[in-house]
Structures are given as C-alpha cells and as structure tokens.
Amino acid sequence: MFFAQQFFLPLIKRTSLVTQIIIGLIAGILLALIFPAAALSVGFIGSVFVSALKAVAPVLVFILVTASIASHKKGQETHIRPVLLLYLLGTFASAVVAVVASFMFPSTLVLVANSAAVTAPGSISEVLKTLLLSAVDNPVNALMKGNFIDILVWAIGLGIAIRHGSTTTRVVLGDLSEAVSQIVKAVIRFAPLGIFGLVASTLAESGFDALLSYLQLLAVLVGCMLLVALVVNPLIVYWQIRRNPYPLVLTCLRESGITAFFTRSSAANIPVNLQLCERLGLHEDTYSVSIPLGATINMAGAAITITVLTLAAVHTLGIAVDIPTAILLSVVASVSACGASGVAGGSLLLIPLACGMFGIPSEVSMQVVAIGFIISIVQDSAETALNSSTDVLFTAAACMAQDETAKSAAVIIDSAR
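Residues numbered from 1 in each chain as written. Predicted model: local features only at pLDDT ≥ 70, side-chain atom pairs only at ≥ 80, totals over all residues. Heavy atoms only, no water.

**Student:** Would you take a moment to explain the overall build of the chain for this structure?
**Tutor:** The helix and strand inventory of the chain stands at 19 helices and 0 strands. Classification of the 417 residues of the chain by burial places 50% in the buried group. Pairs at least 24 residues apart make up 85% of the contacts formed inside the chain by residues separated by at least 6 positions. Entry remark: accessible area of the chain is about 19,200 Å², with carbon and sulfur atoms responsible for 68%. (Helix = DSSP H or I, 4+ residues; strand = E, 2+ residues; numbered from the N terminus. Buried < 20%, exposed > 50% of the residue type's maximum accessible area, 1.4 Å probe, protein only. Contact = heavy atoms within 4.5 Å. Areas by Shrake-Rupley, 256 points an atom, 1.4 Å probe, with all protein chains shown as cover.)

**Student:** Would you explain the packing of helix α11 (residues 215-241) against helix α15 (residues 300-317) in this entry?
**Tutor:** To describe two helices that pack against each other, one gives the angle between their axes and the distance between the axes. Where α11 meets α15, the closest approach of the two axes is 10 Å, and the angle between their N-to-C directions is 150 degrees. Once α11 is placed against α15, the crossing between them reads as right-handed. Taking contact as the criterion, the partners of Leu217, Val220, Leu221, Cys224, Met225 and Val228 in α11 are, on α15, Gly301, Ile304, Thr305, Val308, Leu309 and Ala312. Tallied by class, residues from the contact of α11 with α15 come to 10 nonpolar, 2 polar and no charged. (Axes fitted to C-alpha atoms, helices over the stretch in contact; angles between N-to-C directions. Left-handed = near helix turned anticlockwise from the far one by under 90°. Nonpolar A, V, L, I, M, F, W, Y, C, P; charged D, E, K, R; others polar.)

**Student:** I would appreciate a short explanation of unusual backbone geometry in the present structure.
**Tutor:** Most peptide bonds adopt trans geometry, and most residues besides glycine take a negative phi value. The phi dihedral of Arg242 falls on the positive side, at around 60 degrees, and the residue is not glycine. According to the relative accessible area criterion, Arg242 is exposed, its value standing at 55%.

**Student:** Sorry if this is basic, but what is going on with the nonpolar core here?
**Tutor:** Here is a general trend for soluble globular proteins: nonpolar side chains tend to be buried in one another's company. In terms of nonpolar packing, the biggest core is built from 109 residues, with Leu217, Cys224, Ile304 and Val308 touching the most fellow members. The biggest single contributor to this core is α11, with 12 residues. Not counting residues up to four positions away in its chain, the partners in contact with Val308 are Ala98, Ser102, Leu217, Val220, Leu221 and Cys224. (Core = buried A, V, L, I, M, F, W, Y, C linked by side-chain atoms within 4.5 Å.)

**Student:** Explain the environment of Val187 here, please?
**Tutor:** With respect to the helices and strands, the residue Val187 is situated in helix α9 (residues 167-188). Judged by its relative accessible area of 16%, Val187 is buried. Placed 135 residues apart in sequence, Val187 and Ala52 show a C-alpha to C-alpha distance of 7.0 Å. The residues contacting Val187, other than those within four sequence positions of it, are Phe49, Ala52 and Leu53.

**Student:** Help me understand the packing of aromatic side chains, please; the structure alone is not making it clear to me.
**Tutor:** Two aromatic rings, taken as a pair, are described by how far apart their centres are and by the angle between their planes. Enumeration according to the criterion identifies 1 aromatic pair in this entry. Ring geometry for Phe261 and Phe262: centres 5.0 Å apart, planes at 75 degrees, overall edge-to-face. (Phe/Tyr/Trp six-rings, centres within 6.5 Å; stacked < 30°, edge-to-face > 60°.)

**Student:** Before we go on, may I ask you to explain helix α4 (residues 43-70) in this structure?
**Tutor:** In an α-helix, one full turn covers 3.6 residues, which means residues spaced three or four apart are oriented alike. The terminal C-alpha atoms of α4 lie 41 Å apart, and with 28 residues this matches the ideal 40 Å at 1.5 Å per residue to within 8%. The axis of α4 is deflected most strongly, by about 25 degrees, at Ala57, and proline Pro58 appears within four residues downstream. (Expected span 1.5 Å × (residues − 1). Bend = angle between axes of the 7 residues up to and from the residue.)

**Student:** Mind showing me how you'd approach empty space enclosed by the protein here?
**Tutor:** Rolled over the atoms, a probe as big as a water molecule pinpoints where empty space is left. Evaluated as defined, the whole model comprises 2 cavities of 30 Å³ or more. In this model, the second largest cavity occupies a volume close to 40 Å³. Ala229, Asn233, Val249, Cys252, Leu253, Leu386, Ser389, Thr390 and Leu393 together form the lining of the second largest cavity. Elements represented by at least two residues in the lining of the second largest cavity include exactly α11, α12 (246-263) and α19 (376-416). Among the elements that line the lining of the second largest cavity, the one with the most residues is α19, at 4 residues. Considering only residue class, the lining of the second largest cavity consists of 6 nonpolar, 3 polar and no charged. (1 Å grid on protein atoms, 1.4 Å probe; cavity = no way out; pocket = protein on both sides within 12 Å on 5 of 7 lines; lining within 4 Å. Points joined across faces, edges and corners; volume = space filled by probe spheres on them.)

**Student:** Got a minute to help me understand the packing of helix α5 (residues 80-104) against α11 in this structure?
**Tutor:** The interhelical angle for the contact between α5 and α11, taken along N-to-C directions, is 140 degrees, at an axis separation of 9 Å. The angle between α5 and α11 falls in the class oblique. The two elements α5 and α11 meet at a crossing, and its hand is right-handed. Packed against α5, whose contacting residues are Leu86, Leu89, Gly90, Ala93, Ser94, Val97, Ala98 and Ala101, the element α11 presents Val220, Cys224, Leu227, Val228, Val232, Ile236, Trp239 and Gln240 at the interface. Of the residues assigned to the contact of α5 with α11, the class counts are 13 nonpolar, 3 polar and no charged. (Parallel < 35°, antiparallel > 145°, perpendicular 65-115°, else oblique.)

Scope: geometric values only; no functional claims are made or implied.
Printed below as a string of structure tokens:
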C-alpha cells in the first residue's frame, strides 16, 4: 500500500491518458497471445467500461444541452449550421472515395449459406420515418435506450423553455451539468483498464483467422477510411481554417479515435469527445449540441462501409455499374449513413438498402451483412474511430473558422475608425 501511494499513483498522475491507453492496448495484446483463457476473463472489465460510458452518455447529453441552451444569452454566437454543413460534406466525400476505390480495386465475396438474423430497413423513406419516430419518442424511454435524437429534441425544448424561467433554475442546471461532467471524467479515467479488457477478450475470442479470407476487402475499407482521415478531412479543415490542419487532425485521431476504435460505439464515445472539446477551448453552446448530433448523423465511416460492401456484392454477381449509378449510390449511402445507429454494427444493417438499387435480392444482401459481421472486428472499429474523431474535428474547424472571421471583421472595423 505504501509503495502504491508513494510511487505508483504519482506515476499514473504524471502519465497522460493517451499513454496509459496505449499501455493498456499493448498489455491486452500480450495477454491474448500468451494466456488466452485469462484474456477471456478480463473481458468483463471492458464490458463494464463500455456499459458505464453508455449509461452516463444520455444523462450527460440531456443535462449539458439543456443547461447550455437555458443559459444562452441573446446575441451569443453559436456555430451549429457550419458544423452540420461539414458533417454532410464529409460523409458524402467519404462515399465518393469509397466508390472510386471500389472501382480501382474491385473485391469479390464468398457468399455464405446462412444470412444474419437481423431486420434491415427496406427504403430511404423507412430510414427517415424511423428517424422521425425516434425524435418524438418518450423522453424516459429515450434516456434508457440511448436515443440521442429524441434526447436532443427534449433537451433543446426544455432549454428554450427554462431560458424564460428564474435565474435560480438556470444556476441549478449549471451546477447539475458540472456534477455530471465530473462523473464522466471519473469514468474516462478508467479507459486504460477498459481498453485492456476489450482488446484482450476480443483477440482471444476471435483472433485474426476469420479475417484472412477477406484481406483485400478489409484493405479497401480501411484504406478508404485512412485516406479520408488523413487526406480528405484535412483538406476540408484547411478550407475552413486556412492553416496547417494536421495538428488538429492528429489530436482528434489520437484522443478521440483511439478510444472509439475499441469501444466501437459513437454513442459511448460522446463523453470522451465532449471532454476533448472542452480541453480544446471550443464554444460549449456549439459542441454540447454538435457532438451528440454528430454521433447520429456524421457517418463518414458508415458511408464507406455501405458503399464498399455493396459494390463488392455487385462485382461478385457481375452486375454492370456506370458512373452516374455509382454517384447515386454515394448519395444513398450518405443519406442512409445518417440513419445508422451509433452502436457497434449499426451501418451493416443499411447495406440491403443500397443493394436494392441494383436489384440484389434481400437473401443475398443479408449474406453480405453476415460477411460484414465476420470482419467487423477491424471494419467496425476503424469506422467508429473515423466517425467519432470527425465529430470533434469538424466542430473544432467550424468554431476556429468563425473565430477567425470575427477577428478579421474586428480588425477591419478598427481600421475603418
């Protein structure tokens, strides 16, 4: 106990959270390779960590958004509109990248006999209908199930209503928001242990044998995601802030992407992203809304997954595809990806929708979904890392761009005087 207090605990405090996560990652890989049975046992630690994040995220979003809107002063700047524009642009650009890559490196699938026992939406209208119904769900049910669209609707409505209430009520909401944020920070401190458990159990249970037969497909998927993360997104950010985007890009990938890679849930990574936005000094009125909203509609990785797997099925069946149809697929993938749930494997259920554009029957498209679940140990992790880190990246880019515009306007006004 004395040794822990005098050496171990101070060492942990001096080590950054990202470094601790990397240590947990390496330790999990080694445990899975050396003691697979023990690795399966520590998977419980990872499950507890992910469950804690999922439990606290809905409450945090509801309280934070409500308090932020309730305390908003008239004339105070928010940057939600440019953030939404960047979300849509980034998702569509990702789908186009996936189309080009699929034509350059066509993949084929070994279709299996058994399809996944899941239900997929049948049309874009069904996806939009589901989103609308989710937005008017019971708020208690939304908090229990993590329905962030409905949570945002209720939080915004209550925040606007409470804005006209007493000052005491707004102060209480602010204190409650701070209290919940402290709980979130405590949960995130256990991220290294959670990552350790998740990595060890996943590798011990699945290994990499199931991935060997789909190496090219995985290479196209992960390659597209890396291209978007390291080339397309930086170009979009540069267009906004007009300076070197890579320090911001790499910060978001390191501090948000790593955690999202292992939790495999955009919803579970919301607390991590909110804390990162706070450290970056962004506008709370903006990120308190844009981050939970991004976990639902900012789905660049999902657009890539839907496009690549659909075109792999098309190539396997020998269906001819022209450029206009491929572009239309990009649009469908972008819209469909916005309806993908922020949980592990959410985008895979939208593949049959895109397959339907080419007349592929549901029996075949659901087999593509089954293949998606086989490779999801890598695909879904990389997809979530791209999705979640981009939420922070585009929020930061929009806030920084607006701040620069405001400074330039102030300089012009001062010089005119």
